[in-house]
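Structural overview
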Amino acid sequence: MKTQRTGKRKAPVINHTHALHLLHGMSRIRRLEEKCAELYSATKIRGFLHLYDGEEAVAVGVLEALTGEDAVVATYREHAHALIRMGSAGTILAEMYGKQEGCSRGRGGSMHLFDEKTRFYGGNAIVAGGLPIAVGLALADKMLQRPRVTSCFFGDGAVAEGEFHESLNLASLWQLPVLFVCENNLYAMGTALKYTQAVEDLASKAASYAVDTAAVDGMDVLAVENAAKKATEAIRTSGKPFFLECRTYRFRAHSMYDPDLYRSKAEIEEWKKRCPIATFKQKMIDQGILSDSDIDTIDRDVAREIDEAVAFAEACTWEPLEDLTRFVHSERRMS
Amino acid sequence: MKTQRTGKRKAPVINHTHALHLLHGMSRIRRLEEKCAELYSATKIRGFLHLYDGEEAVAVGVLEALTGEDAVVATYREHAHALIRMGSAGTILAEMYGKQEGCSRGRGGSMHLFDEKTRFYGGNAIVAGGLPIAVGLALADKMLQRPRVTSCFFGDGAVAEGEFHESLNLASLWQLPVLFVCENNLYAMGTALKYTQAVEDLASKAASYAVDTAAVDGMDVLAVENAAKKATEAIRTSGKPFFLECRTYRFRAHSMYDPDLYRSKAEIEEWKKRCPIATFKQKMIDQGILSDSDIDTIDRDVAREIDEAVAFAEACTWEPLEDLTRFVHSERRMS
Amino acid sequence: MTNGDSGMRTLTYRDAVREGIREAIQKNERVFLMGEDVGRYGGCFAVSKGLLEEFGPDRIRDTPLSESGFVGAGIGAALGGMRPIVEIMTVNFSLLAADQIINTAAVYLYMSGGQFNVPIVIRMATGGGRQLAAQHSRSLEGWYAHIPGIKIVSPATIEDARGMLWTALQDPDPVLIFENSGLYNMEGTLTTDAGAVDIDTARVCRAGKDITIITYSASLIKSLEAAEILAQQGIETEVIDLRTLRPLDDKTFLTSIAKTHRALIVDEGCRSGSISAEISARIMENVFYDLDAPVERLCSLEVPMPYAKHFEEAVLPQTDKIVSLVQKMVGADG
Amino acid sequence: MTNGDSGMRTLTYRDAVREGIREAIQKNERVFLMGEDVGRYGGCFAVSKGLLEEFGPDRIRDTPLSESGFVGAGIGAALGGMRPIVEIMTVNFSLLAADQIINTAAVYLYMSGGQFNVPIVIRMATGGGRQLAAQHSRSLEGWYAHIPGIKIVSPATIEDARGMLWTALQDPDPVLIFENSGLYNMEGTLTTDAGAVDIDTARVCRAGKDITIITYSASLIKSLEAAEILAQQGIETEVIDLRTLRPLDDKTFLTSIAKTHRALIVDEGCRSGSISAEISARIMENVFYDLDAPVERLCSLEVPMPYAKHFEEAVLPQTDKIVSLVQKMVGADG
Ligand SMILES: Cc1ncc(C[n+]2csc(CCOP(=O)(O)OP(=O)(O)O)c2C)c(N)n1
Ligand SMILES: Cc1ncc(C[n+]2csc(CCOP(=O)(O)OP(=O)(O)O)c2C)c(N)n1
Ligand SMILES: [Mg+2]
Ligand SMILES: [Mg+2]
């Protein structure tokens with residue numbers, strides 16, 4: 001049972017296309033979240049809204065290591081994962097509008113984005129509730145001998161829940177191909193990690209379940225991608241679970257209800273200096289891999305994509321009331 | 001965060017009185033359990049009955065390290081703990097008879113023995129359900145600045161439950177004086193430890209909660225007493241929790257319903273050779289600390305005690321039906 | 001029933017449940033059983049005895065004590081295309097998995113706008129009467145029936161114990177099967193070709209014109225005993241086995257009451273907020289003007305279950321109480 | 001009510017709950033508040049804002065996300081002589097602690113033959129209406145009311161939000177307080193000396209002779225609005241706030257129905273198996289012959305809560321639905 005520390009490893013040089021691709025992914029997420037915040041203030045989006053600003057490198061880096069056959073189980077802070085996985089922002093925004101063209105037919109909202117086609121199992125608003133589900137998805141793959149990985153994202157706060165303990169033990173005991181991705185942004189709502197964990201080194205916990213583990217700088221997309229690829233390769237060869245801790249930070253409040261008074265402005269500013277998008281841009285330019293015009297193009301494309309998505313959501317329609325009770329139960333019997 | 005391995009340590013020589021005392025305690029337990037089995041076949045005792053034969057050294061050794069001020073939280077396999085703590089077998093047997101003079105007024109039965117006077121918090125039939133309770137009792141002591149230890153007994157099976165994880169983290173995070181005693185008898189009902197835990201070394205799990213830990217030979221009463229005293233001293237000085245794994249074995253089936261087909265007769269026989277009572281007797285005789293007549297006296301005393309307890313239980317009475325709803329709620333308001 | 005003819009055989013409720021499981025595993029390679037002690041121990045009620053030897057540890061899967069974890073894993077496996085039968089030893093321990101059952105299994109299909117159905121079957125023992133005291137004696141099947149998105153069934157007969165499982169496995173959505181532990185030793189006969197049964201309708205088990213007893217599970221047995229006794233006194237009781245608690249088949253009992261004009265509900269759940277209350281309310285709402293007397297309920301007393309035998313017997317509905325209550329009700333004129 | 005006189009002041013339901021907590025902590029050194037984000041964050045609904053600064057981290061104790069663990073720890077602390085107020089953010093997450101609440105807190109006193117009472121107060125937010133979808137919108141207070149051994153209260157007014165806590169803390173046994181999250185911003189007036197209130201009785205909030213509406217929590221506000229509208233149409237509605245869901249104060253609503261002969265129950269819980277069913281059943285059992293029309297229920301539709309606003313509004317009981325249902329019922333002649 002080994003522990004890698006890949007955070008410090010110097011990022012490998014990458015080619016132009018891949019650099020564009022990663023930056024594009026992170027920029028799309030940032031733009032989507034900015035738009036969501038706007039639309040929330042405009043009361044187009046309601047309910048809870050949890051934004052991902054600052055954590056983009058985690059979703060982009062990890063999902064880069066998955067195939068279309070693999071599965072994704074995420075939390076209520078899942079716009080980024082949904083966007084990267086599903087490709088289009090339109091049905092995601094339509095969902096937050098509550099329209100029937102939304103990716104969950106308007107029944108789920110921001111916290112419950114789903115997509116069967118891309119095996120995106122959503123959007124779970126019960127902290128740690130997704131972990132046992134991921135274990136079960138991987139169990140099905142193992143029993144049906146499908147060579148797939150199930151990725152499961154959760155926060156540092158989830159680690160204290162009993163379901164974390166039960167799920168890691170089950171996945172290891174039964175040797176199931178689950179990639180546990182802990183998005184450690186140091187806070188569970190307003191409660192800092194030091195107030196929730198007797199042992200703050202989360203990666204080290206995997207040891208007591210005999211699960212291989214790695215901790216990575218979650219602000220460095222290349223480091224995350226690299227660690228995730230190593231992890232998924234390990235899972236694909238061993239069939240065993242892997243625990244990947246991504247050390248990151250959320251730039252915004254926990255949700256739109258959060259006055260964000262439990263952490264200092266200075267701390268937030270410090271972390272913003274490590275913005276995964278800005279630092280990656282800079283690094284790629286310094287290394288001559290990307291040019292200013294590349295970046296302008298990306299920004300333009302992304303702005304257009306999100307504007308079109310908003311236009312799409314606006315144009316979508318409200319499901320008629322008579323359909324309210326559809327999908328409490330399935331409409332077809334089982335084959 | 002240190003791990004002692006005290007199982008192998010050579011038992012210290014002890015004096016005659018103490019040897020008598022320990023042997024007496026273990027013998028009383030054995031005799032009580034034998035009697036319970038008899039009474040169950042005679043249908044005097046009903047419901048579930050979980051006996052402790054083989055594990056006597058654990059209850060006797062650990063409880064030896066507690067003061068009258070300390071608290072005990074146990075499981076459904078708690079006759080031994082209740083007997084040692086409460087002193088008399090009469091109200092325990094009366095409880096199993098379902099009589100109103102029973103230590104739980106006949107409302108609890110074998111799995112729910114309670115005694116306020118000796119801070120015996122029972123008798124919990126939900127596996128791992130007692131751990132959070134113990135954490136809370138210790139929290140109250142800490143907040144009220146009472147120098148007490150709360151001991152919490154649970155089995156190897158309980159370690160897989162989420163409540164184990166949540167409780168160890170809370171106790172360590174808040175630095176609470178809890179002695180977690182894992183009675184590792186290698187089986188949870190019919191499921192061997194290797195089928196329930198990815199990591200079978202239970203003591204090692206305490207590390208991921210920064211809880212000090214020790215593993216001890218649970219068949220050796222002196223080793224257990226010794227380890228428990230070290231643990232309680234550590235708790236009393238540091239105020240922090242301690243995890244003590246006692247490696248033991250149950251000689252009988254899980255309960256009276258269990259055909260006991262999941263383990264080999266040979267394995268059971270092997271363990272019976274390590275009977276905590278027989279081995280201790282032999283050791284004390286070899287070391288010239290106890291004589292055959294000491295042992296005869298103990299056996300006679302114990303036989304008499306349990307016979308008197310049965311007579312007491314037989315003589316006890318049935319609570320009238322009109323009292324059935326008493327104690328659903330308290331009869332007095334709070335002061 | 002006689003057991004003379006070759007088409008019939010005698011077996012216990014326990015055997016019937018086991019047969020249902022065995023057949024399901026044989027018929028569909030995606031079906032498997034998972035739970036605490038289902039394998040090497042043979043099931044805490046010996047329901048799965050022998051199945052591990054027959055099907056191996058993958059399909060008869062022993063789990064650690066992790067109710068929330070393995071129920072959630074069952075949900076995930078169902079989402080992944082398997083047909084898990086998850087056994088929770090008893091309903092009492094299902095409270096540790098309540099979040100997965102209620103916050104996940106019951107809502108997944110709806111939250112995902114119809115994309116992800118959860119074809120899981122969760123079996124658990126329920127009920128009191130065995131002197132197991134407060135933490136091991138609850139009857140919460142009627143309580144779970146409050147939750148939209150799940151189906152609740154409760155077999156009271158050998159036939160249903162044998163046949164409900166397969167139908168539940170055909171259901172695309174979560175089905176909870178509650179087996180009253182007091183019934184496992186009950187013997188009965190079954191045709192050799194007995195198979196799946198519907199889980200949508202209640203059944204009139206005994207016809208009568210004077211009063212309708214609406215019940216299910218272990219209380220059905222007591223109600224039929226009572227009906228027998230009452231018949232000797234000239235009181236003709238119609239007895240209905242609900243079979244499924246969610247969704248409730250109102251039609252069957254409403255039709256019966258339109259005929260008998262009186263109804264008694266017998267339910268092992270604690271009285272307040274039990275399924276019997278829902279049934280009474282529906283009768284009120286639908287056939288109020290047909291009633292000759294108020295609907296009555298016989299439920300468990302509202303106490304944590306005591307250990308002492310005489311106390312526990314007093315808590316649970318019993319045949320003699322049913323008899324005297326019916327006598328009183330039929331005496332009362334509308 | 002006017003706010004003119006010096007003895008009255010205006011505050012929100014949220015402020016009232018906070019005042020109750022502050023007073024309890026000041027009055028009894030054994031009282032403390034524990035839960036997720038109650039301290040540094042100030043409470044997920046800002047109920048405990050400022051209390052950490054006032055009382056420090058021991059008595060305003062932030063917990064990890066471990067619902068079962070810290071609810072159990074609250075039970076243990078209560079057994080150890082403290083008077084914990086345990087906050088579970090919302091009833092939805094209480095399902096993770098259901099085992100500790102139901103299998104431990106509710107039964108400890110009875111199982112121990114009266115030796116160990118558990119003076120714990122568990123507060124949680126409940127209810128829908130904020131577009132939080134299926135996992136964050138349940139109203140399960142009526143569902144918990146099925147469990148013997150616990151008391152369930154649900155303040156609907158500023159006065160009760162302020163005064164129920166202290167009374168609950170005086171209770172030697174577990175009390176669950178359900179605060180509908182839609183009420184936190186509600187403003188109202190309170191006398192400066194407002195304090196503890198009883199938690200044993202229901203209250204007639206508005207007198208009327210034509211029909212009785214039995215309700216509680218957020219539905220009380222809607223029911224009173226409806227009564228106002230109905231009054232303009234000459235229909236006099238008596239409105240009863242149950243306040244406590246377990247044990248139910250039957251007397252108050254039975255007495256009212258003996259006068260009005262008609263009853264409507266308004267409840268945010270999903271219809272089947274809701275507390276409204278229990279109330280309907282008790283009315284049937286006690287005042288059947290006083291009824292001029294069947295008792296009706298207005299509850300939430302039986303679906304997991306949808307996110308879309310127009311859907312969610314259709315799921316929940318609304319003022320206009322109450323009005324039209326009452327019109328229909330009063331129109332109907334007995
Ligand atoms: C079981 C449960 N308890 C409490 C909540 C309320 N809640 C929502 S998010 C959150 C904090 C979770 O923090 P973390 O796991 O670190 O994820 P992050 O929000 O930081 O991404 C809490 C307490 C919940 N949704 N589920
Ligand atoms: C939460 C819960 N799940 C299941 C059970 C049924 N059960 C009772 S004892 C037991 C085995 C517990 O094994 P262990 O913790 O090792 O204690 P031991 O019986 O070996 O002393 C099980 C599964 C229970 N009582 N509680
Ligand atoms: Mg976090
Ligand atoms: Mg064991």
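Along each chain, the written sequence defines residue order, and numbers are assigned to residues from 1. For this description, chains carry letters from A and ligands carry numbers from 1, given in the order in which they are written. Restriction of local features to residues with pLDDT of at least 70 applies here, the model being predicted, together with a cutoff of 80 or more for giving and counting side-chain atom pairs; totals for whole chains, interfaces and linings are based on all residues. Processing note: side-chain calculations cover all non-hydrogen atoms of the structure and skip hydrogens and water entirely.

1. Observations regarding the site of ligand 2
Stated formally: Residues are classed as near a molecule or strand on a simple rule: at least one heavy atom within 4 Å of it. A 3.5 Å cut-off defines polar contacts: any pair of N or O atoms within that distance qualifies, except that in protein one atom must be a possible hydrogen donor and the other a possible acceptor, and neighbouring residues in sequence count only when both atoms are side-chain atoms. Methods summary: accessible areas were calculated by the Shrake-Rupley approach with a probe of 1.4 Å, and residue burial reflects only the protein chains presented. For this classification, the nonpolar set comprises Ala, Val, Leu, Ile, Met, Phe, Trp, Tyr, Cys and Pro, the charged set comprises Asp, Glu, Lys and Arg, and every other residue, Gly included, is treated as polar.
Taken together, 22 residues form the shell around ligand 2, and within it Tyr76, Ala125, Asp156 and Gly157 of chain B together with Glu67 of chain C come nearest. Taken together, the residues near ligand 2 originate from chains B and C. Here an oxygen atom of ligand 2 and a side-chain polar atom of aspartate 156 of chain B are 2.9 Å apart. One of the backbone N or O atoms of alanine 158 of chain B is found 3.3 Å from an oxygen atom in ligand 2. The protein chains hide 97% of the 580 Å² of surface that ligand 2 would expose on its own. Residues belonging to the shell around ligand 2 are distributed by class as follows: twelve nonpolar, five polar and five charged.

2. With respect to the interface of chain A and chain B
This is how the line gets drawn: The contact definition used throughout considers only heavy atoms, calling two residues in contact when any of these lie within 4.5 Å. A quick way to say it: buried area is the sum, across both parts, of accessible area lost when two parts are put together, with a 1.4 Å probe. What makes a salt bridge here is a side-chain nitrogen of Lys or Arg within 4 Å of a carboxyl oxygen of Asp or Glu, nothing more.
The interface is formed by 21 residues belonging to chain A together with 21 residues belonging to chain B. Each partner contributes to the roughly 1,600 Å² buried at the junction of chain A and chain B, and carbon and sulfur atoms together form 53% of this total. Scanning the region where chain A abuts chain B turns up zero salt bridges. Our enumeration of links across chain A and chain B arrives at ten residue pairs in polar contact (both at pLDDT 80 or more). Split by residue class, the side of chain A that touches chain B holds ten nonpolar, seven polar and four charged.

3. A closer look at the side chain of lysine 35 of chain B
Quick reminder of the rule: Only DSSP runs of H or I with at least four residues qualify as helices, and only runs of E with at least two residues qualify as strands; both kinds are numbered from the N terminus onward.
Summarising the element assignment, lysine 35 of chain B is placed in helix H1 (residues 16-41). Once you skip the residues sitting within four places of it in the chain, lysine 35 of chain B turns out to touch Ile306, Asp307 and Val310 of chain B.

4. Quick notes on the coordination of the magnesium ion (ligand 3)
Residues and elements named next belong to chain A. We apply this condition: Each metal site is built from N, O and S donor atoms within 2.8 Å (3.2 Å for Na, K and Ca), and since water is not included, such sites may look incomplete. Note on classification: 1.4 Å probe, protein chains only; a residue is buried when its accessible area is under 20% of the maximum for its type, exposed when over 50%, partly exposed between these limits.
Protein-derived ligands of the magnesium ion (ligand 3) are Asp156 (OD), Asn185 (OD1) and Tyr187 (O), with the metal-ligand distances lying across 2.0 to 2.1 Å. Written as a sequence motif, the donor arrangement for the magnesium ion (ligand 3) is D-x28-N-x1-Y. Note that aspartate 156 is positioned in the loop between strand S4 (150-155) and helix H6 (162-173) and asparagine 185 in the loop between strand S5 (178-184) and strand S6 (187-188), a separation of 29 residues in sequence. Accessibility expressed as a relative area gives 5% for asparagine 185, which makes it buried.

5. Section: the interface of chain D and chain C
In this assembly, 50 residues from chain D lie in contact with 51 residues from chain C. Between chain D and chain C the total buried area reaches about 4,800 Å² when both faces are included, carbon and sulfur atoms providing 60% of it. For glutamate 302 of chain C, the salt bridge is made with arginine 246 of chain D, and the minimal N-O distance between the two is 2.7 Å. Elements with a contribution of two residues or more to the side of chain D that touches chain C: helix H5 (98-105), helix H6 (108-111) and helix H11 (275-287) of chain D. Residue composition of the side of chain D that touches chain C, grouped by class: 29 nonpolar, ten polar and eleven charged.

6. A closer look at the relation of the copies chain D and chain C
Definition in use: Least-squares superposition aligns the copies on the C-alpha atoms of those residues with pLDDT at or above 70 in both.
The transformation that overlays chain D on chain C combines an axial shift of 0.0 Å with a rotation of 180°, and the residual RMSD is 0.0 Å. In symmetry terms, the pair is related by a two-fold rotation axis. Here 100% of the interface residues in chain D have copies in chain C that are interface residues too; the copies meet face to matching face.

7. Quick look at the packing of aromatic side chains
Residue and element names in this part refer to chain B. Convention followed: Here the aromatic set is Phe, Tyr and Trp, taking the six-membered ring for Trp, and pairing holds for ring centres within 6.5 Å; pairs whose planes are under 30 degrees apart are stacked, those over 60 apart are edge-to-face, and all others are tilted.
Applying the stated criterion to the full structure yields 40 aromatic pairs over all chains. Ring geometry for phenylalanine 154 versus phenylalanine 180: centroids 6.4 Å apart, planes at 70°, classification edge-to-face. With a gap of 26 residues between them, phenylalanine 154 in strand S4 (residues 150-155) and phenylalanine 180 in strand S5 (residues 178-184) connect regions that are remote in the sequence. Each of the two residues, phenylalanine 154 as well as phenylalanine 180, counts as buried.

8. Remarks on the pattern of salt bridges
A full pass over the atoms with the stated rule returns 98 salt bridges over all chains. The partner of glutamate 285 of chain C in a salt bridge is arginine 297 of chain D, and the shortest N-O contact between them spans 2.6 Å. Here arginine 297 of chain D lies in strand S14 (residues 296-300) and glutamate 285 of chain C lies in helix H11 (residues 275-287), a pairing that spans two chains. For glutamate 285 of chain C, a relative accessible area of 17% translates into the label buried. The buried category is assigned to arginine 297 of chain D, whose relative accessible area is 3%. Through salt bridges with shared partners, one network takes in Asp250, Glu278, Arg282 and Glu285 of chain C together with Arg271 and Arg297 of chain D.

9. Remarks on the sheet that holds strand S5 (residues 121-126) of chain C
Residues and elements named next belong to chain C. As a reminder of what qualifies: At least two DSSP bridges between two strands are needed for those strands to be called paired. Only the stretch in contact is used when fitting a helix axis, every axis being a line fitted to C-alpha atoms; angles between N-to-C directions are given from 0 to 180 degrees.
Across the sheet, seven strands lie side by side as S3-S2-S4-S5-S7-S6-S12; this open sheet has mixed pairing. A single partner strand is all that each edge strand has here, and the edge strands are strand S3 (60-62) and strand S12 (244-246). In this sheet, adjacent strand axes meet at a mean angle of 20° when their direction is disregarded. Two strands pair when backbone bridges link them, and strand S2 (residues 31-35) and strand S4 (residues 83-90) are joined in this way by five bridges, in the parallel orientation.

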